[in-house]
Amino acid sequence: MRIALIAALLAVALPVGARCTLDDLLAVGKYGVGHRQLPLVDTTRGTDAWGGRPAADSRPLPTEVWYPIATPNGGATPVEDQPLASGGPFPLIVNSPGLGDAGPGEAYAGIALASRGYVVASPTFPLTNTSFLVDPAGPYLQDVKNQPADVSFIIDTLVALGRASGAWLAGGIDEKKIGVSGLSLGGLSTLLVTYHPTLRDRRVRAAAAMAPASCWLSTSFYDSAKPPLLLLGGDEDLITPLPTNAERTFERARSPRRLVTLAKATHTAFSGFIAAPSPTSYDILGCSFIEEKVTQAQVDATIAGFGGDPSLVDPTGCELPCVAAPPATAPMAASRQHDLTQAAIVAFFESTFRKSKQGACFLSHGLAKEDDVTVRRGKGRKLPRQHP
């Protein structure tokens, strides 16, 4: 009787006919994928001087855009400068690369979304990009305070292209379905543009953060908004350790949310620039670039820059990156980490913006069936009353 009852409950919980295995979510969508690089520049805001580079009166934001095109049976290889597919408008996702990262860094997720009918934009930020990994000064961590406005500028630009008759993106943006994603420091930018009381963009309806640098965000930081949130983290992350970053955000946020934990996964291997198998932690490589370049003074200045209100910041238990020793065992392979991350992000945005049964089924059932994944779910909580 008990076994029959459990079987009946599972039958009700799983959507009829839903195919929601990892392979199903990794399958290429029905569209081909177009690619354009837009040489965007925000002339209304400046760029700080850093590392011997002079200040500028604008912010250069070269931006990769992947988007759906009409290709029979779809395709995973982007094609340059092709016309937008019919069938729009399409949801828009803006991705924020991490510290020492660049616009193409999370292309694996952007391309997958584009093949399913999304427009995905990913900028290279001016002071935290890959070129600063070899600069003696390192990346300018404090510039994260400017990155939410960068995301909003990119949203503005693509929405304007979607409204412009004759533009390559005309009719292509669903302005009611705008999401954001980000990795590491870009994960922090993603949380800032989604939840910060003054830096947030109210058009953001869903957010996905990979290994976010979110340790310092207090419980009250999340009080202003509650769009659905997906968090991904690796339990062998040496740069933004899971317990004090993604897990802490999961506990403090008020949004409907999921935390996806990847066993033996590292911080560095979320980047699409990392592909080869490794017998040792990928974070040994990641730490070699940022150790001694990310200082406590930089962190303190960064927190002061995005905090404003001291109640938004809680540094309890936060440490500099790369304090722990790397594990002695081999990490999750980067290719496996990319597959799980891609599938989770696709399922999250599909279930959120398209009410996809397949996406919801994968997040609720299919993902947890993978033996190196755990999934926690948190329901939305009522926001405190906002006083004038």
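Computed from a predicted structure; not experimentally measured.

What about the confidence of the model for the protein?
Argument step 1. When pLDDT is averaged along the protein, the result is 93; 93% of the residues meet or exceed 70.
Argument step 2. Counting contacts from residues 1-17, a segment whose pLDDT is below 50, to residues more than four positions away or on other chains yields five contacts.

Comments concerning the nonpolar core
Argument step 1. Within the largest apolar cluster, 65 residues are counted, with the highest numbers of intra-cluster contacts made by Leu-92, Val-119, Leu-188, Trp-216, Phe-221 and Phe-306.
Argument step 2. Leu-25, Leu-232, Ile-345 and Leu-363 belong to the second largest nonpolar core, which has 41 residues in total.

Here we look at the pairing of strand S8 (residues 229-234)
Argument step 1. Across the six residues that make up S8, a large majority, six, are buried.
Argument step 2. Where burial is concerned, the two faces of S8 agree: the one with Leu-229, Leu-231 and Gly-233 and the one with Leu-230, Leu-232 and Gly-234 are both buried.
Argument step 3. With respect to chirality, the unit in which S8 leads through helix H6 (residues 246-252) into the neighbouring parallel strand S9 (residues 257-262) is right-handed.

Re the packing of helix H9 (residues 334-353) against helix H10 (residues 357-366)
Argument step 1. As a packed pair, H9 and H10 sit with axes 7 Å apart at the nearest point and diverge in direction by 130 degrees. In terms of orientation, H9 and H10 fall into the oblique class. Seen along the crossing, H9 lies across H10 with a hand that is left-handed. Facing H9, whose interface residues are Ala-343, Ala-344, Ala-347, Phe-348 and Ser-351, H10 presents Gly-359, Ala-360, Phe-362 and Leu-363.

Some remarks on the environment of Pro-54
Argument step 1. Here Pro-54 shows up in the loop between strand S1 (32-42) and strand S2 (59-69).
Argument step 2. Between the alpha carbons of Pro-54 and Ile-178 there is a distance of 34 Å; along the sequence they are 124 residues apart.
Argument step 3. Beyond its immediate stretch of four places on either side in the chain, Pro-54 contacts Asp-48 and Ala-49.

Focus on the side chain of Ser-115
Argument step 1. On the secondary structure map, Ser-115 appears in helix H3 (residues 107-115).
Argument step 2. Engagement of the side chain of Ser-115 in a polar contact is seen with the backbone nitrogen of Gly-29, the distance being 2.9 Å.
Argument step 3. Those residues in contact with Ser-115 that lie beyond four places of it in its chain are Val-28, Gly-29, Lys-30, Tyr-31, Val-33 and Gly-75.

Some words on the pairing of strand S7 (residues 204-210)
Regular strands place their side chains on alternate faces of the sheet.
Argument step 1. S7 sits mainly inside the fold: six of its seven residues count as buried.
Argument step 2. Handedness of the crossover joining strand S6 (residues 173-183) and S7 through helix H5 (residues 185-195): right-handed.
Argument step 3. Pairing analysis gives four bridges linking S7 to S8, with the strands arranged parallel. Directly across from Ala-207, in S8, lies its bridge partner Leu-229.

Focus: a nonpolar patch on the surface
Argument step 1. On the surface, Val-134, Leu-285 and Phe-289 cluster together into a nonpolar patch covering about 280 Å² of accessible area.
Argument step 2. For Leu-285, the location among the structural elements is in helix H7 (residues 283-290).

Remarks on the pattern of salt bridges
Argument step 1. A full pass over the atoms with the stated rule returns 17 salt bridges.
Argument step 2. Put simply, Lys-145 and Asp-48 hold a salt bridge, and the shortest N to O gap is 3.8 Å. Taken together, the positions of Lys-145 in the loop between strand S5 (119-123) and helix H4 (147-163) and Asp-48 in the loop between S1 and S2 put the pair 97 residues apart, joining distant regions of the chain.
Argument step 3. Residue classification places Lys-145 among the partly exposed residues on the basis of a relative accessible area of 28%.

Regarding H4
Argument step 1. In this model H4 runs 24 Å from its N-terminal to its C-terminal C-alpha over 17 residues, within 8% of the 24 Å that 1.5 Å per residue would give.
Argument step 2. When you tally the buried positions in H4, you get 12 out of 17 residues, the bulk of the element.
Argument step 3. All of the buried residues in H4 are Gln-147, Pro-148, Asp-150, Val-151, Ser-152, Phe-153, Ile-154, Ile-155, Thr-157, Leu-158, Val-159 and Gly-162.
Argument step 4. Packing partners of the buried residues in H4 comprise S1, S2, strand S4 (90-96), S5, S6 and H5.

Side note on the sheet that holds S2
Argument step 1. Sheet architecture is open: 10 strands sit in the order S3-S1-S2-S5-S4-S6-S7-S8-S9-S10, paired in mixed fashion. Strands with a single pairing partner mark the edges of an open sheet, and in this sheet they are strand S3 (79-80) and strand S10 (373-378).
Argument step 2. Here H5 sits on the sheet and contacts S4, S6, S7 and S8; the angle it forms with S6, its principal contact strand, is near 140 degrees.

With respect to the state of the cysteines
Argument step 1. For the coordinates displayed, the defined rule picks out three disulfides.
Argument step 2. In this model, Cys-20 is linked to Cys-361 through a disulfide, with the two sulfur atoms separated by 2.0 Å. One end of the pair, Cys-20, is in the loop between helix H1 (2-13) and helix H2 (22-26); the other, Cys-361, is in helix H10, and 341 residues separate them in sequence. Accessibility assignment for this pair places Cys-20 and Cys-361 in one class, buried.
Argument step 3. Numbered by position along the chain, the disulfide-linked cysteines of the protein connect as 1-6, 2-4, 3-5.

Comments concerning the environment of Pro-60
Argument step 1. With respect to the helices and strands, the residue Pro-60 is situated in strand S2.
Argument step 2. Residue Pro-60 is classed as partly exposed on the basis of its relative accessible area, which comes to 37%.
Argument step 3. Distance from Pro-60 to Pro-123, taken between C-alpha atoms, is 9.4 Å for residues 63 residues apart in sequence.

What counts, and at which threshold
- Every chain's residues receive numbers from 1 upward, in the order its sequence appears when written.
- Where local features are concerned, this predicted model is filtered to residues with pLDDT of at least 70; where side-chain atom pairs are given and counted, the filter is 80 or more; whole-chain, interface and lining totals use all residues.
- Values reported for side chains reflect all heavy atoms of the structure, with hydrogen atoms and water molecules removed beforehand.
- One number per residue, pLDDT, summarises how confident the predictor is, and it ranges from 0 to 100.
- In this description, contact between two residues means that some pair of their heavy atoms is separated by no more than 4.5 Å.
- Nonpolar core, defined: a set of buried Ala, Val, Leu, Ile, Met, Phe, Trp, Tyr and Cys residues in which side-chain atoms within 4.5 Å join the residues together.
- When a residue's accessible area, from a 1.4 Å probe over protein chains only, is under 20% of the maximum for its type it is buried; when over 50% it is exposed; and in between it is partly exposed.
- Runs of E in the DSSP output that reach at least two residues are strands. Runs of H or I that reach at least four are helices, and both are numbered from the N terminus.
- Handedness of a crossover is defined as follows: with both strands directed away from the viewer, a clockwise route from the first strand across the helix to the second makes it right-handed.
- For helices, the fitted axis covers only the stretch in contact; all axes are lines through C-alpha atoms, and the angles between them, taken along N-to-C directions, range from 0 to 180 degrees.
- Here the word oblique covers every angle except those under 35 degrees (roughly parallel), over 145 (roughly antiparallel) and from 65 to 115 (roughly perpendicular).
- Take the far helix as your reference; a near helix turned counterclockwise from it by less than a right angle gives a left-handed crossing, and one turned clockwise gives a right-handed crossing.
- In the analysis that follows, any N or O atom pair within 3.5 Å is treated as a polar contact, provided that within protein one partner can donate a hydrogen and the other can accept it, and provided that, for residues neighboring in sequence, both atoms belong to side chains.
- Strands are labelled as partners when DSSP assigns at least two bridges between them.
- Like-charged residues are merged into a patch within 9 Å and nonpolar side chains (Val, Leu, Ile, Met, Phe, Trp, Tyr) within 5 Å, provided each residue has over 30% relative accessible area and no salt bridge.
- The accessible surface values rely on the Shrake-Rupley method and a 1.4 Å probe; as for residues, cover is taken only from the protein chains in view.
- A pair is scored as a salt bridge if a Lys or Arg side-chain nitrogen falls within 4 Å of a carboxyl oxygen belonging to Asp or Glu.
- Each helix should span, by expectation, one fewer than its residue count multiplied by 1.5 Å.
- Any two cysteine sulfur atoms within 2.5 Å of one another count as a disulfide.

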